[in-house]
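Spelled out from the first residue to the last, the chains are:
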Amino acid sequence: MSDIVIDEGYRPSEDEPFMSERQREYFRRKLLKWKEDILRESRETLVALQSESENHPDIADRASSETDRAIELRARDRQRKLIAKIEAALMRIEDGSYGYCEETGEPISLKRLEARPIATLSLEAQERHERNERVYRDD
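Residues numbered from 1 in each chain as written. Predicted model: local features only at pLDDT ≥ 70, side-chain atom pairs only at ≥ 80, totals over all residues. Heavy atoms only, no water.

(A) Summary view of the nonpolar core. Counting residues in each nonpolar core, the largest one holds 23 residues, and the members touching the most others are Phe 27, Leu 31, Ile 86, Tyr 98 and Leu 113. Sorting the residues of this core by element identifies α1 (21-51), α2 (59-95) and α3 (110-115) as the ones contributing at least two each. Counting residues per element, this core draws most heavily on α2, which supplies six residues. Non-local contacts of Phe 27, meaning those with residues more than four positions away in its chain, are made with Pro 12, Met 19, Ile 93, Tyr 98, Leu 110, Leu 113 and Glu 114. (Core = buried A, V, L, I, M, F, W, Y, C linked by side-chain atoms within 4.5 Å. Buried < 20%, exposed > 50% of the residue type's maximum accessible area, 1.4 Å probe, protein only. Helix = DSSP H or I, 4+ residues; strand = E, 2+ residues; numbered from the N terminus. Contact = heavy atoms within 4.5 Å.)

Here is the structure:
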C-alpha cells in the first residue's frame, strides 16, 4: 500500500470509489501521524515529569505540582487508550473492514472518518448507541 502516491492537499471525496486503495492509504497515513504525535507528546511529558521531580519545600508548591502530575498522568492514560483504538483502526485498514459500520455494515461517511478516523460506527448507529446508553444508564 505504501507505494501509492497521494498529493499533499488530497482529501477523500464522494466522487471516488469508497475505501479505494488511495482512501485507505490516506487514512492509514493520517492514523500513523496521529499515533506518532501522541507518542512524541508522551515522551516530552515523561521528560518533563522526570525533570520536575524535585522536592518543593513549600507545601502549596508541592500540592500544586502533585495535582499537575496527576492531571498529566490521566491525560497520558487516555492517550494510551487512544493509541489502542488507532492500532485497531490500522488493523481494520489491513483487513478491509475500515470505513464500514460495525453495527450495520454500511459505509461510514468520509466526513465522519475525516473528523474521527477511529470511528467504528456510522453517525446514525453512534446516535442510536448514545440514546440507548442514556436510557439504560443508572443515574
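(B) The layout of surface pockets, seen in detail. Computed from the structure, the largest pocket encloses a volume of approximately 300 Å³. Partitioning the lining of the largest pocket into residue classes produces four nonpolar, no polar and six charged. (1 Å grid on protein atoms, 1.4 Å probe; cavity = no way out; pocket = protein on both sides within 12 Å on 5 of 7 lines; lining within 4 Å. Points joined across faces, edges and corners; volume = space filled by probe spheres on them. Nonpolar A, V, L, I, M, F, W, Y, C, P; charged D, E, K, R; others polar.)

(C) Local environment of the packing of aromatic side chains. One pass over the structure, following the stated rule, counts four aromatic pairs. Ring geometry for Tyr 10 against Tyr 26: centres 5.5 Å apart, planes inclined by 75 degrees, an arrangement best described as edge-to-face. With Tyr 10 in the segment before α1 and Tyr 26 in helix α1, this pair connects stretches of sequence that are 16 residues apart. Of the two residues, Tyr 10 and Tyr 26, neither departs from the other in class, the shared state being buried. Aromatic pair Phe 18 and Tyr 100: ring centres 5.2 Å apart, planes at 85 degrees, arrangement edge-to-face. With Phe 18 in the segment before α1 and Tyr 100 in the loop between α2 and α3, this residue pair connects regions lying 82 residues apart in the sequence. (Phe/Tyr/Trp six-rings, centres within 6.5 Å; stacked < 30°, edge-to-face > 60°.)

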